[in-house]
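# Remarks on the overall topology
So you can see what is in the structure, the chains are spelled out below.
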Amino acid sequence: MTTTTPATPVAPTAAPTGTAPSKRRAARRSTPLTIAMLAALAYFLLPLFWLLIASTKSTQDLFNSFGLWFSHAPQLLTNIKQTLTQDDGVFVHWLLNTVMYAGVSAVGAALLAAAGGYGFAKFRFRGDRAAFNLVLGAVMVPTTALAIPTYLLFAKAGLVNTPWAIILPSLVNPFGLYLMRIYAQDAVPDSLLEAARIDGAGEVRIFFRIALRLLGPGLVTVLLFTLVATWNNYFLPLIMLNDPDLYPVTVGLSSWAAQAQNGGAGTSSDMLALVVTGSMLSIIPLVVAFLLLQRYWQSGLAAGGVKQ
């Protein structure tokens, strides 16, 4: 009788440990992409680094020392003090004007864009496509091309040389309206709106109590874009304002730079250093605003990315 010996099961050959993860890690690395990102980082941060270094120098050191490093006698605090006290503290007044112009314009433009985008996304009316195409066409029109017609219109209305000459044009944001329309189309469910209407809520209440909360990330995006655009706006205040007390910081620093170049009577020898220091101080509120608002921006966009 022949005895059959059971075959010993052969264990499957294990793949070399570390092969797949190492391949994945290698696939994620890209030397050209890393170089491109470093170049982009240097492109955006190098002007800020130069501005920070230059704000610590006197006018003489701005021309006599290496531009990307400190001089032998840094004087940042002295420059800041002189900038804030020059001409009886007019820089602080310009900065407050800029905060008012940019803040009111950003909030107003964000609310108007949210209302318009929500209306285009959730309501159907005669000529809605033509009206939205008109908005898309307005996105392509440069704001500088509208500056002179806007000035003539405001001159007829008697609004030139008033804060409204800066705030009212900044409230119109075609790109913001387009962005909010695209965002509202998916962020605000139609079923939720129908449920609110069945419960007896009016359209205004639905917008402010329901839709506006769901549109938060898009609202913050438009607010940030408008805030930066109005804060950095130079050409519109230049042609609209004649009173130095109404100047924003952009036009005010430009007037200081003109005094430094022309060497007018009573012009300080360190006026150019004050212009550079004032430019550095003027970007700090923008950085603070972005750092405070990006939390709501990023969290809202991340939440919207996982909706079914």
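This text goes with the structure placed above it.
What this report covers is the structure whose coordinates are included nearby.

What counts as what
Residues numbered from 1 in each chain as written. Predicted model: local features only at pLDDT ≥ 70, side-chain atom pairs only at ≥ 80, totals over all residues. Heavy atoms only, no water. Helix = DSSP H or I, 4+ residues; strand = E, 2+ residues; numbered from the N terminus. Buried < 20%, exposed > 50% of the residue type's maximum accessible area, 1.4 Å probe, protein only. Contact = heavy atoms within 4.5 Å. Areas by Shrake-Rupley, 256 points an atom, 1.4 Å probe, with all protein chains shown as cover. 1 Å grid on protein atoms, 1.4 Å probe; cavity = no way out; pocket = protein on both sides within 12 Å on 5 of 7 lines; lining within 4 Å. Points joined across faces, edges and corners; volume = space filled by probe spheres on them. Nonpolar A, V, L, I, M, F, W, Y, C, P; charged D, E, K, R; others polar. Core = buried A, V, L, I, M, F, W, Y, C linked by side-chain atoms within 4.5 Å. Phe/Tyr/Trp six-rings, centres within 6.5 Å; stacked < 30°, edge-to-face > 60°. Expected span 1.5 Å × (residues − 1). Lys, Arg positive; Asp, Glu negative; His and termini not counted. Salt bridge = Lys/Arg side-chain N within 4 Å of Asp/Glu carboxyl O. Patch = residues over 30% accessible without salt bridge, like charges linked within 9 Å, V, L, I, M, F, W, Y side chains within 5 Å.

With that out of the way, let us pick up the overall build of the protein. Helix and strand counts for the protein come out as 15 helices and zero strands. Burial analysis of the protein (308 residues in total) assigns 33% to the buried set. When contacts within the protein are restricted to residue pairs at least 6 apart in sequence, long-range pairs at least 24 apart make up 73% of them. Surface exposure of the protein reaches about 19200 Å², of which carbon and sulfur atoms provide 67%.

This brings us to the layout of surface pockets. In this structure, the largest pocket occupies an estimated 770 Å³ of space. Thr-143, Pro-169, Ser-170, Val-172 and Pro-174 are, among the 21 residues lining the largest pocket, the residues nearest its centre. Here the element with the most residues in the lining of the largest pocket is helix H12 (residues 216-231); it accounts for four residues. Residue classes in the lining of the largest pocket are distributed as 13 nonpolar, eight polar and no charged.

Positive phi, close to 60 degrees, is recorded for Asp-88, a residue that is not glycine. Mapping Asp-88 onto the fold places it in the loop between helix H4 (76-85) and helix H5 (90-122). One non-glycine residue, Asn-161, lies in the positive phi region at around 65 degrees. Here Asn-161 shows up in the loop between helix H7 (147-157) and helix H8 (164-170). Residue classification places Asn-161 among the partly exposed positions, given a relative accessible area of 26%.

A separate point is the nonpolar core. Membership of the largest hydrophobic core comes to 34 residues, with the highest contact counts inside it found for Phe-91, Met-240, Leu-241 and Trp-256. Elements that contribute at least two residues to this core include exactly helix H2 (31-54), H5, H8, H12, helix H13 (235-240), helix H14 (249-262) and helix H15 (271-305). Of the residues forming this core, the biggest block, eight residues, is contributed by H15. Discounting residues that sit within four places of it in the chain, Trp-256 has contacts with Thr-83, Gln-86, Asp-87, Val-90, Phe-91, Trp-94, Met-271, Leu-274 and Val-275.

With the rule as written, the count across this model stands at 11 aromatic pairs. Taking the centre distance of 6.3 Å and the plane angle of 25 degrees together, the rings of Phe-91 and Trp-256 count as stacked. Taken as a pair, Phe-91 in helix H5 and Trp-256 in helix H14 lie far apart in primary sequence, 165 residues in all. In terms of burial, Phe-91 and Trp-256 fall into one category: buried.

We now examine the environment of Asp-245. Mapped onto the secondary structure, Asp-245 falls in the loop between H13 and H14. Sequence-wise, Asp-245 and His-93 are 152 residues apart; in three dimensions their C-alpha atoms are separated by 7.3 Å. Not counting chain neighbours up to four residues away, the residues in contact with Asp-245 comprise His-93 and Asn-97.

A separate point is helix H9 (residues 174-187). Between the first and last C-alpha of H9 there are 20 Å, a value that for 14 residues agrees with the 20 Å anticipated at 1.5 Å per step. Buried positions along H9 lie against H5, helix H6 (128-139), helix H11 (203-214) and H12.

A few words now on the side chain of Lys-57. Mapped onto the secondary structure, Lys-57 falls in the loop between H2 and helix H3 (59-64). One buried charged residue, Lys-57, remains without a salt bridge, the closest side chain of opposite sign being Asp-61 at 7.5 Å.

Moving on, we come to the pattern of salt bridges. Per the stated rule, a full pass over the model turns up three salt bridges. As a salt-bridge pair, Lys-122 and Asp-190 come within 2.9 Å of each other at their nearest N and O atoms. Here Asp-190 lies in helix H10 (residues 190-198) and Lys-122 lies in helix H5, a separation of 68 residues in the sequence. Residue Lys-122 is classed as buried on the basis of its relative accessible area of 15%. Residue Asp-190 is classed as partly exposed on the basis of its relative accessible area, which comes to 49%. Arg-197 is the partner of Glu-194 in a salt bridge, and the nearest nitrogen-oxygen pair spans 3.1 Å.

A surface patch of nonpolar side chains, about 720 Å² in accessible area, is lined by Leu-46, Phe-49, Trp-50, Phe-66, Leu-68, Trp-69 and Phe-70. Mapped onto the elements, Leu-46 comes out in helix H2.

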